[in-house]
Amino acid sequence: MAGKSRRDEYAEQTRAAVVAAAIELFAGGGYAATTIDAVATQARVAKGGVYHHFANKAELFEAAFIAMEERLLARVVAVIESTADMEQMVLAGIDTFLIECLDPQFRRIALEEAPAALGWERWKEIDETFFMGLMKGGLADLASTGRFEIHDEELTARVLFAALTEAGLSAANAPDPTAALDGARALLSQLIDGLRKKP
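All of these numbers come straight from a predicted model, not from anything done at the bench.

## Considering the packing of helix 5 (residues 86-101) against helix 8 (residues 153-172)
Put simply, helix 5 and helix 8 touch, their axes get as near as 8 Å, and they point 35° apart. Relative to helix 8, the crossing made by helix 5 is right-handed. Contact residues: helix 5 offers Ile94, Phe97, Leu98 and Cys101, while helix 8 offers Phe161, Leu164, Thr165, Ala167, Gly168 and Ala172. Among the residues forming the contact of helix 5 with helix 8, the class breakdown is eight nonpolar, two polar and no charged.

Okay, here's the thing in structure tokens:
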């Protein structure tokens, strides 16, 4: 198979530069205050170059949001793949997610701006596309140890993921994020522990 043409490589580089610029601007000033012109200037491309890849600002924001989700997913996967114990693996994945919520770019784009910019349903759809499978897989791994009992995997995954997202947002917006993060960790650990089989 032939490799990518120079034109394709340039197009990919341009798109990446536009998304990187959009992330910086959306995280800094928010969705409403960010313009396509500002993104083009930041990315050092013509305005038409932005529109070549994205039909409008909403589409560009979605790409920025997805880039944030991809970054988090890669970090979570790297952590859980390096953890052998199933229970510790789930807790490590949760911890990685919570820590990412304190990152200013992720917090602003993924947690604060995305629900309004994309609409609640689309935001939730993308979020679940990236992480619901991991959450279900984590619950299945817990059940496989014989120490946990999951009665409704779908419902349990949705409840835990909603709790995880809310805990991360609360910690990110707390006066003392580090202390709030510790509290969020403890709460999620208690929720997981509540699934443990009773003796």
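## Topic: the nonpolar core
Judged by nonpolar contacts, the single largest core of 56 residues is most densely connected at Phe26, Leu60, Phe61, Phe65, Ile109 and Leu164. Mapped by element, the contributors of at least two residues to this core are helix 1 (6-29), helix 2 (36-43), helix 4 (57-81), helix 5, helix 6 (104-118), helix 7 (120-144), helix 8 and helix 9 (177-193). With nine residues, helix 4 is the largest single contributor of residues to this core. Aside from chain neighbours lying at most four places away, what touches Leu164 is Ile94, Phe97, Leu98, Met135 and Leu188.

## Quick notes on helix 7
The terminal C-alpha atoms of helix 7, which comprises 25 residues, lie 34 Å apart, in line with the 36 Å expected from a rise of 1.5 Å per residue. Remark: the principal bend of helix 7, roughly 45°, maps to Thr129. Listed as buried for helix 7 are Trp123, Ile126, Asp127, Glu128, Phe130, Phe131, Met132, Met135, Gly138, Leu139 and Leu142. Residues of helix 7 that are buried sit in contact with helix 4, helix 5, helix 6, helix 8 and helix 9.

Scoring rules and cut-offs
- Residues numbered from 1 in each chain as written.
- Predicted model: local features only at pLDDT ≥ 70, side-chain atom pairs only at ≥ 80, totals over all residues.
- Heavy atoms only, no water.
- Axes fitted to C-alpha atoms, helices over the stretch in contact; angles between N-to-C directions.
- Helix = DSSP H or I, 4+ residues; strand = E, 2+ residues; numbered from the N terminus.
- Left-handed = near helix turned anticlockwise from the far one by under 90°.
- Contact = heavy atoms within 4.5 Å.
- Nonpolar A, V, L, I, M, F, W, Y, C, P; charged D, E, K, R; others polar.
- Core = buried A, V, L, I, M, F, W, Y, C linked by side-chain atoms within 4.5 Å.
- Buried < 20%, exposed > 50% of the residue type's maximum accessible area, 1.4 Å probe, protein only.
- Expected span 1.5 Å × (residues − 1).
- Bend = angle between axes of the 7 residues up to and from the residue.

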